[in-house]
Amino acid sequence: MGLFDKKNCDICGDKIGLLGNRKLEDGNMCKNCAKKLSPHFSDRRGSTVAEIQNQLAYREQNKSVLSTFAPTMTFGDNEKVYIDAMKGNFVVSRRTPGNWSDENPDVIPISSVVSCNLRVDEDRDEIYIESSDGEKRSYNPPRYNFYYDFIVEIHVNNPYFDEIEVRLNSSQVDGMGTMEYNRYQQMAMQLTNNLMQNGNIGMNNTMPMNGGYAPANGYNQPMNNGYNQPMNNGYNQTMNGGYAPANGYNQPINQGYNQQSAYSQPAQQQTSVPQAWFCTSCGTKNETGKFCQSCGAPRG
């Protein structure tokens, strides 16, 4: 058999056109059958004809389940996570619910979620000094503008795929600690909370690495707290609606506890202790009392 001889699809039986073959572990598949596979599936070459046939049967059943899917919550501005809280399922798609027929996105039970991980990918552009003759030179030390992508990795127990990556932002987010940055952090936290079952699933927050360069103040960056991270990590803290708090430290104001404004420590119950005073008439130091123990003059 020649290299360019046409083959038949082992799934549907149709002829496979030139450059249309999709190799399987023990056979061949046409591109039309390949389009019907789950968008989260990635192990085609390692799958047998029987495994592909089983997946396509599951995908047909998915269509009927998808027809009754009614999202109650949506997360993300790019690829979106739609959650049907009434039935306990979720769907990941870039399309709106009315345009799902061709894509047939997988309806995934929330109970199959194993874990969620927020990955914040960092990109940066160096800021240069431009001289009067148009030449550019670096600051010393170098300064950068930083940009971020918020990607939620959802690990699931499914026979055909085990991980889904969702990029929440549609365009890169400028600056760590900004209102937009905090909004996507909180969006990721809320998404994870809704995919958790009975609070038993944890969320890992992988913060971006910046190659050892501390962000320069005044260039879309917050104050450096010593860890090259924003003060508010968005988790296990009071929600602030996506807006930077007004207390000057990028921390949510904890209204459930009595705090001292300067150190964010619980207020201490203090007993009034009389203070020593000096008599203005004779100069005698008095430890207590309202009258001088030496000359009897009243406390000034």
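Above this text you will find the structure in question.
The model shown is predicted, which means the values in this text are computed figures rather than measured ones. Numbering of residues starts from 1 in each chain and follows the order in which that chain's sequence is written. The predicted nature of this model means local features are confined to residues of pLDDT at least 70 and side-chain atom pairs, given and counted, to a pLDDT of 80 or more, with totals for whole chains, interfaces and linings taken over all residues. As a rule here, side-chain values come from all non-hydrogen atoms in the structure, and water together with hydrogens is ignored.

1. Some thoughts on the overall build of the protein chain
At step 1: A tally of regular secondary structure across the protein chain gives 3 helices and 15 strands.
At step 2: Buried means the residue's accessible area, taken with a 1.4 Å probe over protein chains only, is under 20% of the maximum for its type, while exposed means over 50%, and partly exposed covers the values in between. Evaluated residue by residue, the protein chain yields a buried proportion of 36% over its 300 residues.
At step 3: Counting contacts in the protein chain only where the partners sit at least 6 residues apart, residues at least 24 apart contribute 44% of the total.
At step 4: Per-residue and other accessible areas were derived by the Shrake-Rupley procedure at a 1.4 Å probe size, with only the shown protein chains allowed to occlude residues. Summed over its atoms, the accessible surface of the protein chain is roughly 18300 Å², and 47% of this surface lies on carbon and sulfur atoms. Runs of E in the DSSP output that reach at least two residues are strands. Runs of H or I that reach at least four are helices, and both are numbered from the N terminus. Whether two residues are in contact is decided by their heavy atoms: any pair within 4.5 Å suffices.

2. Things to note about the pairing of strand E10 (residues 136-156)
At step 1: The pairing of strand E9 (residues 113-130) with E10 spans 17 bridges and is antiparallel. Bridge pairing in E10 places Arg124 opposite Phe146.
At step 2: Note: two strands are recorded as paired if DSSP finds a minimum of 2 bridges between them. What sits between the antiparallel neighbours E9 and E10 is a turn of 5 residues, in which Gly134 has the positive phi angle 90°.
At step 3: Across 2 bridges, E10 lies against strand E12 (residues 173-174) in antiparallel orientation.

3. Considering the pattern of salt bridges
At step 1: By salt bridge we mean one thing: a side-chain nitrogen of Lys or Arg within 4 Å of a carboxyl oxygen of Asp or Glu. Enumeration according to the criterion identifies 8 salt bridges in this entry.
At step 2: Among the salt bridges present, the one from Asp106 reaches Arg59, with a minimum N-O distance of 3.3 Å. Pair noted here: Asp106 is in the loop between strand E7 (89-93) and strand E8 (108-109) and Arg59 is in helix H2 (residues 49-66), with a separation of 47 residues, a long-range link. Across the pair, Arg59 and Asp106 agree in class, each one buried.
At step 3: Here Arg95 makes a salt bridge to Glu103, at a shortest N to O gap of 4.0 Å.
At step 4: Judged by its relative accessible area of 22%, Glu103 falls in the partly exposed class.

4. Re a negative patch on the surface
At step 1: Patches in this entry comprise residues that are over 30% relatively accessible and not in a salt bridge; like charges within 9 Å are linked, as are nonpolar side chains (Val, Leu, Ile, Met, Phe, Trp, Tyr) within 5 Å. The positive count covers Lys and Arg only, the negative count covers Asp and Glu only, and His and the chain ends enter neither. Note that the charge is assigned to NZ on lysines, CZ on arginines, CG on aspartates and CD on glutamates. A surface patch of like charges, here negative, comprises Asp10, Glu25, Asp26, Asp43 and Glu51.
At step 2: Within the element layout of this structure, Glu51 appears in helix H2.
At step 3: Given the relative accessible area of 40%, Glu51 is considered partly exposed.

5. Here's the deal with the environment of Tyr128
At step 1: Mapped onto the fold, Tyr128 is located in strand E9.
At step 2: The class for Tyr128 is partly exposed, based on a relative accessible area of 41%.
At step 3: Separated by 11 residues in the primary sequence, Tyr128 and Tyr139 place their C-alpha atoms 6.4 Å from one another.
At step 4: Not counting residues up to four positions away in its chain, the partners in contact with Tyr128 are Lys136, Arg137, Ser138 and Tyr139.
At step 5: Nitrogen and oxygen atoms within 3.5 Å of one another constitute a polar contact, given that in protein one can donate a hydrogen and the other can accept it, and given that sequence-neighbouring residues count only through two side-chain atoms. There is a polar contact of 3.3 Å between the side chain of Tyr128 and the side chain of Glu126.

6. Quick word on H2
Structurally, the α-helix is built with 3.6 residues per turn, so residues lying three or four positions apart point the same way.
At step 1: Any helix carries an expected span of 1.5 Å times its number of residues minus one. Taking 1.5 Å of rise per residue, the 18 residues of H2 would be expected to cover 26 Å, and the 25 Å separating its terminal C-alpha atoms lies within 8% of that figure.
At step 2: For H2, every residue scored as buried is listed here: Val49, Ile52, Gln55, Leu56, Tyr58, Arg59, Asn62 and Leu66.
At step 3: Structurally, H2 contributes buried residues whose contacts are with strand E4 (28-30), helix H1 (31-34) and E7.

7. Focus on the nonpolar core
At step 1: Nonpolar cores are built from buried Ala, Val, Leu, Ile, Met, Phe, Trp, Tyr and Cys residues. Side-chain atoms within 4.5 Å join them into one set. Grouped together as the largest cluster of nonpolar side chains are 31 residues, with contacts concentrated most on Phe90, Phe150, Ile154, Leu168 and Leu195.
At step 2: For this core, the secondary structure elements donating two or more residues are strand E6 (80-84), E7, E9, E10, strand E11 (163-167) and helix H3 (179-195).
At step 3: In terms of residue count, E10 provides more of this core than any other element does, 7 residues in total.
At step 4: Beyond its immediate sequence surroundings of up to four residues, Ile154 is in contact with Phe90, Val113, Ser115, Cys116, Asp162, Glu163, Ile164, Val166 and Leu195.

8. Quick look at unusual backbone geometry
At step 1: The omega torsion across Asn140 and Pro141 is 0°, close enough to zero to call that bond cis.
At step 2: Its location among the elements puts Pro141 in strand E10.
At step 3: Residues other than glycine seldom take positive phi values, yet Leu19 does so here, at roughly 65°.
At step 4: Relative to the assigned elements, Leu19 resides in the loop between strand E2 (15-16) and strand E3 (21-23).
At step 5: The phi torsion at Asn104 lies on the positive side, around 50°, for a residue other than glycine.
At step 6: Locating Asn104 in the fold gives a position in the loop between E7 and E8.
At step 7: In this structure Asn104 comes out as buried when scored by relative accessible area, which is 5%.

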